[in-house]
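What follows is the residue order along each chain.
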Amino acid sequence: LHIEASLQRALQREEFVLYYQPQVDVDSGRVVGLEALLRWQREGKELVLPADFIALAEETGLILPIGEWVLATAMRQLAAFHRSGMTHLRMSVNVSARQFQHNDVAAQVERLLEETGCAPGALTIEITETLLMERPGAAAEMMTRLSRMGVQLAIDDFCTGYSSLANLKRFPIRGLKIDRSFVADIATDNDDAAIVAAVIALARSMKLEVIAVGVETGEQQRFLRARGCRRMQGYRFGKPAPAADIEALLRSRHVDI
Ligand code: G
Ligand code: G
Ligand code: MN
Ligand code: NA
């Protein structure tokens, strides 16, 4: 397949880049973390988004070398931010089910923590509910190893999968990310509003960190804050951008809220 060969070449030619999206604490206005988001910059072409190649990368197994590159690049960037004085900044990295099944993600992370000198607690690995459902045994083992190292684990796209709430007790999970499809309509859709409010309450009562993704409006921000969600990620606070642009945002020390 043409695109498969292109993906393979993209790795060799170093055409992948990471963009970073700020995660803010709306009470302080501080950027507390970044999520690393993969982009494919094809020579002379427009930026390709993950929706157009992640599934294929997973099917072909190319997600394994790509995912290892993502981890290394994000952690080296985090170390660079730490060195330039942003010592409290955290980094979230998406890891797909396939990586958990076929790569020793915990060993990769351990090696990178040693190389970069980053504190383990500064790294959050985002996993999906699908992973917990499909391979609970393998997932539990890898998560336990990561968690024992001090790395944080968060469930991404919470509510979109089919996992049971029991997973929150069974696995060493520190946080939940509320999917943006639920955040989008909280101001107008009573069901979405009820679900989001319930998830925030659940997270708080289980002492889990909760981040709402896809916050675009003041109305959404106020709704979430009123229900106890302080940490948010969305275009309202910053779109995913290259490290240099993010550095300028971080230097300004706070975002307008
Ligand atoms: O910007 P957005 O289009 O970046 O990303 C869409 C989705 O692609 C994210 O929700 C995430 O699940 C996935 N994604 C983004 N970057 C990565 C990555 O580095 N690895 C994996 N496995 N998935 C990613
Ligand atoms: O891995 P995860 O699903 O958390 O990735 C977040 C995805 O949501 C990325 O594709 C990112 O570009 C996207 N995103 C983040 N904030 C916003 C937002 O405010 N609006 C929209 N439409 N997309 C967003
Ligand atoms: Mn994510
Ligand atoms: Na997602």
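If you check an unreviewed UniProt entry, the chain appears there as Diguanylate cyclase DosC from Massilia norwichensis.

Account for the overall build of the chain, naming residues and giving values.
Across its full length, the chain carries twelve helices and nine strands. In terms of overall dimensions, the chain has C-alpha extents of about 50 × 45 × 35 Å along its principal axes. Of all intrachain contacts in the chain linking residues separated by at least 6 positions in sequence, the fraction that spans at least 24 positions is 65%.

Can you lay out the site of ligand 1 for me, pointing to particular residues and giving the numbers?
Surveying the vicinity of ligand 1 reveals the residues Leu37, Leu38, Leu49, Pro50, Ala51, Ile54, Gly67, Val70, Asn94, Ser96 and Pro240. Looking at the shell around ligand 1, the elements with two or more residues in it are β2 (30-41) and α3 (63-83). Across the shell around ligand 1, the residue classes break down as eight nonpolar, three polar and no charged.

Lay out the environment of Val151 with the relevant residues and their values.
Of note, Val151 is situated in the loop between α7 (136-149) and β6 (152-158). When the C-alpha positions of Val151 and Ala184 are compared, they lie 30 Å apart, and in sequence the two are 33 residues distant.

An account of the pairing of strand β8 (residues 209-213) is requested, with residue identities and associated values reported.
Taking burial as the measure, the five residues of β8 include four buried ones, the bulk of the element. Here strand β7 (residues 175-178) runs beside β8; their pairing, made up of four bridges, is parallel. Within β8, the residue paired with Gly175 across the bridge is Glu209. Where β8 and strand β9 (residues 231-233) come together, three bridges link them in parallel fashion. What sits directly across from Val213, in β9, is Gln233.

About the cut-offs
Per-chain numbering applies: the sequence of each chain, read as written, is numbered from 1 onward. For this description, chains carry letters from A and ligands carry numbers from 1, given in the order in which they are written. Per-residue local features of the predicted model are confined to residues with pLDDT of at least 70, and side-chain atom pairs are confined, for both listing and counting, to 80 or more; whole-chain, interface and lining totals are unaffected and use all residues. Note on conventions: DSSP H or I runs of at least 4 residues are helices, E runs of at least 2 residues are strands, and numbering of each starts at the N terminus. Working definition of a contact: two residues with C-beta atoms, positioned from the backbone, lying within 7 Å. For each residue, a C-beta atom is placed from the backbone, and the residue is labelled near a molecule or strand when this atom is within 6 Å of it. Residues are grouped as follows: Ala, Val, Leu, Ile, Met, Phe, Trp, Tyr, Cys and Pro are nonpolar; Asp, Glu, Lys and Arg are charged; all remaining types, including Gly, are polar. Exposure classification rests on a simple neighbour count of other C-beta atoms within 10 Å of a residue's own: a residue reaching 20 or more is buried, one at 12 or fewer is exposed, and one in between is partly exposed. C-beta atoms are placed from the backbone. Strand pairing is assigned whenever DSSP detects at least two bridges linking the two strands.

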